[in-house]
Amino acid sequence: SAVSCVQLKARVEIRDANDAYEKEDYGTALTHYQKARQIDPTGFPELDRMIGYCNIGLYQPDVKDPANDKHADNAIVALQSYLQTRPEDRIARDALVSTFLSANRISQAIDYYRAYLQKNQGDLEAVKSIATLYAKQGNFPESLTWHQHTTLLEPKNPESVFRYVSVL
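What counts, and at which threshold
Residues numbered from 1 in each chain as written. Predicted model: local features only at pLDDT ≥ 70, side-chain atom pairs only at ≥ 80, totals over all residues. Heavy atoms only, no water. Helix = DSSP H or I, 4+ residues; strand = E, 2+ residues; numbered from the N terminus. Contact = heavy atoms within 4.5 Å. Expected span 1.5 Å × (residues − 1). Buried < 20%, exposed > 50% of the residue type's maximum accessible area, 1.4 Å probe, protein only. Arc of directions from axis to C-beta. Salt bridge = Lys/Arg side-chain N within 4 Å of Asp/Glu carboxyl O.

Can you explain the environment of A78? Please cite residues and give values.
Note that A78 resides in helix α4 (residues 66-85). Separated by 31 residues in the primary sequence, A78 and L47 place their C-alpha atoms 8.6 Å from one another. Apart from the residues lying within four places of it in its own chain, the contact partners of A78 are D48, I51 and G52.

How would you summarise helix α2 (residues 26-39) if you had to cite specific residues and measurements?
Between its first and last C-alpha atoms α2 spans 20 Å; for 14 residues at 1.5 Å apiece the expected length is 20 Å, and the two agree. Of the residues making up α2, those classed as buried are Y26, A29, L30, H32, Y33 and A36. When α2 is viewed along its axis, its buried side chains cluster within an angular range of 165° and face the same direction.

Any details on the pattern of salt bridges? Residues and values, ideally.
Inspection of the entire model under this criterion finds seven salt bridges. For the salt bridge of R49 with E46, the shortest nitrogen-to-oxygen distance reads 2.7 Å. Here R49 and its partner E46 are both found in helix α3 (residues 46-58), three residues apart, which amounts to about one turn of the helix. Linking D73 and R105 is a salt bridge whose minimum nitrogen-to-oxygen distance equals 2.6 Å.

Next up, the structure:
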């Protein structure tokens, strides 16, 4: 019964957080999600995702301020933690990569995808993303190498070959 009491308190915080999140009051939602985590640290794995999303909602791209940068940092940490338990959540992965890009952390996005590919070899979208990210960095030789990987993964797809040739 003590466990159910703890879970009930955490669920009340989550309910209040969800209400605030729905109203786009990300600061209030974040406070409630964090309280829920303090009450029951392991009972709700989705909390990392929601804490990440709240921090994304609070983050303002192109605003150079330590408090603002902290929102990007917190979003990245929370989403990476969540994706370790739910690696198939493509929406959360896209949110993480989007945060890397809006915070101008392209190298971290590349590192994330490289680590992801070690566990998910052959994920064409991840390979294409790495190629694009290297190009965005201005590292065209490395981008070319990753575009070549797409042709190896899709040898019969003329679009892959065209992408590789157009980079040349």
